[in-house]
Amino acid sequence: MESDLSQCSNAVLRQAMRRLGQLYDEALAPSGLRATQHALLSTIDALGAPTMGLLAERLVMDLSGLGHTLKPLARDGLIARLPDTRDRRARRVTLTELGRTKLAETTRLWRGAQDRFESVFGTERAADLRAVLRLLVSQEFHDAFAAGIPLTGQAG
């Protein structure tokens, strides 16, 4: 018996992610970066000079996937991966000057896409959506899902 994918939360969420990703990628296209790359630069900037481990954790990625995703940014001189001064085994990721300039450019383009999203979707609905999505990426949800225990008292 075939399953109805329209009832699969994972399938519908992935479709929504792909569609929204396409819209944001189109908005950021003049910069030469994709929305995912803008998010990486923005997260690195917000965290300062995060370790690879912290960056992977914040982005909900595994280290090998993060390393693969960072390669083009490093190749293009937007980021640098440097040894941690306290633990030489750890690597820190920083924006270069070129990376800061590119982040400023992509932030202007991203802001336009973000404003259009909120205008079309609605500011309150967009805030509610982000709250629900933050819950889905939380450790609390992960633990509850793994244990099969319903979350109680959650907004959204």
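Residue indices follow the written sequence of each chain, beginning from 1 at its first position. Residues qualify for local features only when their pLDDT is at least 70, as the model is predicted, and side-chain atom pairs are given and counted only at 80 or more; totals for whole chains, interfaces and linings, by contrast, use all residues. To get the side-chain values, take all heavy atoms of the structure and skip hydrogens and water.

With an unreviewed UniProt entry as reference, the protein is termed MarR family transcriptional regulator, source organism Methylobacterium planeticum.

Caption draft 1: Inspection of the side chain of Gln114 at higher detail. Numbering of helices and strands runs from the N terminus, with a helix taken as a DSSP run of H or I at least four residues long and a strand as a DSSP run of E at least two residues long. Residue placement: Gln114 occurs in helix α5 (residues 97-121). Whether two residues are in contact is decided by their heavy atoms: any pair within 4.5 Å suffices. When neighbours within four sequence positions are excluded, Gln114 is seen to be in contact with Tyr24 and Arg130.

Caption draft 2: Molecular detail of the nonpolar core. Counting 15 residues, the largest nonpolar core has Leu41, Leu70, Leu73 and Ile79 as its most contacted members. Residue assignment for this core shows that the elements contributing at least two residues are α2 (35-47), α3 (52-59), α4 (63-75) and β2 (91-95). Dropping the residues within four chain positions of it, Ile79 is found in contact with Leu41, Ile44, Leu70, Leu73, Ala74, Val93, Thr94, Leu95 and Thr96. Membership of the second largest hydrophobic core comes to 7 residues, among which are Leu28, Ala35, Ala113 and Phe117. Buried Ala, Val, Leu, Ile, Met, Phe, Trp, Tyr and Cys residues that are joined via side-chain atoms within 4.5 Å together make up what is termed a nonpolar core. The cut-offs for exposure are 20% and 50% of the maximum accessible area for each residue type, with area from a 1.4 Å probe on protein chains only; residues under the lower value are buried, those over the upper are exposed, and the others partly exposed.

Caption draft 3: Molecular detail of the domain arrangement of the protein. Just so you know, the domain bounds were taken from an automatic or database domain assignment. Domain boundaries in the protein define domain 1 (5-121) and domain 2 (125-156). Between domain 1 and domain 2, the C-alpha centre-to-centre distance is 22 Å. Contact with domain 1, which involves 6 residues of that partner, is made by 7 residues of domain 2. When domain 1 packs against domain 2, the two sides together hide about 520 Å² of surface, and 70% of this comes from carbon and sulfur. The term buried area refers to how much accessible surface (probe radius 1.4 Å) is lost by two components on association, counted for both of them together.

Caption draft 4: View of the environment of Asp143. Mapped onto the elements, Asp143 comes out in helix α7 (residues 139-147). For Asp143, a relative accessible area of 42% gives the class partly exposed. Between N or O atoms, a polar contact is any pair within 3.5 Å; within protein, one atom must be a potential hydrogen donor and the other a potential acceptor, and residues adjacent in sequence are included only when both atoms are from side chains. For Asp143, the side chain forms a polar contact with the side chain of His142, separated by 3.4 Å.

Caption draft 5: A look at α5. Each residue after the first adds 1.5 Å to the expected span of a helix. Taking 1.5 Å of rise per residue, 25 residues should cover 36 Å, and α5 covers 35 Å from first to last C-alpha, within 8% of that figure. Of all the residues in α5, the buried ones are Gly99, Lys102, Leu103, Thr106, Ala113, Gln114, Phe117 and Glu118. For α5, the secondary structure elements touched by its buried residues are α1 (9-28), α2, β2 and α6 (123-137). Gly122 sits one or two positions beyond α5 and adopts a positive phi of about 105°.

Caption draft 6: Layout of the packing of aromatic side chains. Note on ring pairs: Phe, Tyr and Trp rings are taken, using the six-membered ring of Trp, and paired if centres are within 6.5 Å. Classes follow the plane angle, with under 30 degrees stacked, over 60 edge-to-face and the rest tilted. Taken as a whole, this structure holds 2 aromatic pairs when the rule is applied. Ring plane angle 25° and centroid distance 5.1 Å describe the contact between Phe117 and Phe121, whose orientation is recorded as stacked. Pair noted here: Phe117 and Phe121 are both in helix α5, with a separation of 4 residues, about one helical turn. Measuring from centroid to centroid gives 6.1 Å for Phe141 and Phe145, while their planes differ by 35°, and the two rings are tilted. Here the residue Phe141 and the residue Phe145 both occupy positions in helix α7, the gap between them amounting to 4 residues, near one helical turn.

Caption draft 7: The arrangement of the packing of α5 against α6 in detail. The geometry of α5 relative to α6 is characterised by a closest axis approach of 6 Å and an angle of 110° between their N-to-C directions. Relative to α6, α5 is oriented roughly perpendicular. On α6, the residues that touch Gln114, Phe117, Glu118 and Phe121 of α5 are Thr123, Arg125, Ala126, Leu129 and Arg130. When residue character is reported, Ala, Val, Leu, Ile, Met, Phe, Trp, Tyr, Cys and Pro are called nonpolar, Asp, Glu, Lys and Arg charged, and the others, Gly included, polar. A class-by-class count of the residues in the contact of α5 with α6 yields 4 nonpolar, 2 polar and 3 charged. Fitted lines through C-alpha atoms give the axes, limited to the stretch in contact for helices. The angle between two N-to-C directions lies from 0 to 180 degrees. Should an angle lie under 35 degrees it is considered roughly parallel, over 145 roughly antiparallel, and from 65 to 115 roughly perpendicular; all remaining angles are considered oblique.

Caption draft 8: Region of the structure containing the side chain of Ser31. Structurally, Ser31 is set in the loop between α1 and α2. Classification of Ser31 by relative accessible area gives buried; the value is 5%. Beyond its immediate chain neighbours, meaning those up to four positions away, Ser31 contacts Lys102, Glu105, Thr106 and Leu109.

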